[in-house]
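If you want the building blocks of each chain, they are given just below.
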Amino acid sequence: MAVTVAVLLLGAYIGYQAYRGYRRNDDRAVLFLGVGIALVTTVQQAVSTLTVVFVTRNELVPLLAFFGISTAGLLSILYAFTRA
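So, here is what we can say about the structure in this document. As the structure is a prediction and not an experimental result, all values here were calculated from the model.

## Considerations on the overall build of the protein chain
Argument step 1. For the protein chain, the count of helices and strands is three helices and zero strands.
Argument step 2. Considered along the principal axes of its C-alpha atoms, the protein chain spans approximately 45 × 25 × 15 Å.
Argument step 3. Within the protein chain, buried positions represent 23% of all 84 residues.
Argument step 4. Across the protein chain, every contact between residues at least 6 apart in sequence was considered, and the portion connecting residues at least 24 apart equals 67%.

This is the structure we're talking about:
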């Protein structure tokens with residue numbers, strides 16, 4: 001549980017710092033990097049935990065949420081590196 005909280009807080013902090021960097025430098029790549037990191041760490045962990053807690057009958061729902069958010073976050077990071 002402590003590790004989950006640490007991942008949530010650290011991911012949110014890194015995403016916030018990337019947002020501040022975007023506002024300071026007006027660089028879209030930093031924005032997409034921050035969104036990707038926040039999705040892969042904070043949002044993924046929070047949604048996975050919530051779906052496991054509230055959706056216990058079907059194990060496919062937490063897996064789809066986990067991999068869907070992971071994919072979106074990684075695509076955002078890839079976009080930041082290649083096109084933004």
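## Here's the deal with a nonpolar patch on the surface
Argument step 1. There is a patch of nonpolar side chains on the surface, built from Leu 10, Tyr 13, Ile 14, Tyr 16 and Tyr 19 and spanning about 530 Å² of accessible area.
Argument step 2. Residue placement: Leu 10 occurs in helix H1 (residues 2–25).
Argument step 3. Owing to a relative accessible area of 52%, Leu 10 belongs among the exposed residues under this scheme.

## Here we look at the environment of Met 1
Argument step 1. With respect to the helices, strands and loops of the structure, Met 1 is situated in the segment before H1.
Argument step 2. For Met 1, a relative accessible area of 80% gives the class exposed.
Argument step 3. Spatially, the C-alpha atom of Met 1 lies 21 Å from that of Phe 67, the residues being 66 residues apart in sequence.

## Side note on the packing of helix H2 (residues 28–54) against helix H3 (residues 60–82)
Argument step 1. As a packed pair, H2 and H3 sit with axes 7 Å apart at the nearest point and diverge in direction by 170 degrees. On the basis of their axis angle, the class for H2 and H3 is roughly antiparallel.
Argument step 2. Considering only residue class, the contact of H2 with H3 consists of 20 nonpolar, seven polar and one charged.

## Some remarks on the environment of Thr 71
Argument step 1. Locating Thr 71 in the fold gives a position in helix H3.
Argument step 2. Through-space distance from the C-alpha of Thr 71 to that of Leu 39 is 9.1 Å; in sequence the pair is 32 residues apart.

## Considerations on the packing of H1 against H2
Argument step 1. In the contact formed by H1 and H2, the axes pass within 8 Å of each other and the chain directions differ by 160 degrees. The angle between the axes of H1 and H2 places the two elements in the roughly antiparallel class. When you trace H1 past H2, the crossing you get is left-handed. The segment H1 lies against H2, with Thr 4, Val 7, Leu 8, Gly 11, Ala 12, Ile 14, Gly 15, Ala 18, Tyr 19, Gly 21 and Tyr 22 engaging Arg 28, Val 30, Leu 31, Gly 34, Ile 37, Ala 38, Thr 41, Thr 42, Gln 45, Ala 46 and Thr 49.
Argument step 2. Partitioning the contact of H1 with H2 into residue classes produces twelve nonpolar, nine polar and one charged.

What counts, and at which threshold
- Residues numbered from 1 in each chain as written.
- Predicted model: local features only at pLDDT ≥ 70, side-chain atom pairs only at ≥ 80, totals over all residues.
- Heavy atoms only, no water.
- Helix = DSSP H or I, 4+ residues; strand = E, 2+ residues; numbered from the N terminus.
- Buried < 20%, exposed > 50% of the residue type's maximum accessible area, 1.4 Å probe, protein only.
- Contact = heavy atoms within 4.5 Å.
- Patch = residues over 30% accessible without salt bridge, like charges linked within 9 Å, V, L, I, M, F, W, Y side chains within 5 Å.
- Areas by Shrake-Rupley, 256 points an atom, 1.4 Å probe, with all protein chains shown as cover.
- Salt bridge = Lys/Arg side-chain N within 4 Å of Asp/Glu carboxyl O.
- Axes fitted to C-alpha atoms, helices over the stretch in contact; angles between N-to-C directions.
- Parallel < 35°, antiparallel > 145°, perpendicular 65-115°, else oblique.
- Nonpolar A, V, L, I, M, F, W, Y, C, P; charged D, E, K, R; others polar.
- Left-handed = near helix turned anticlockwise from the far one by under 90°.

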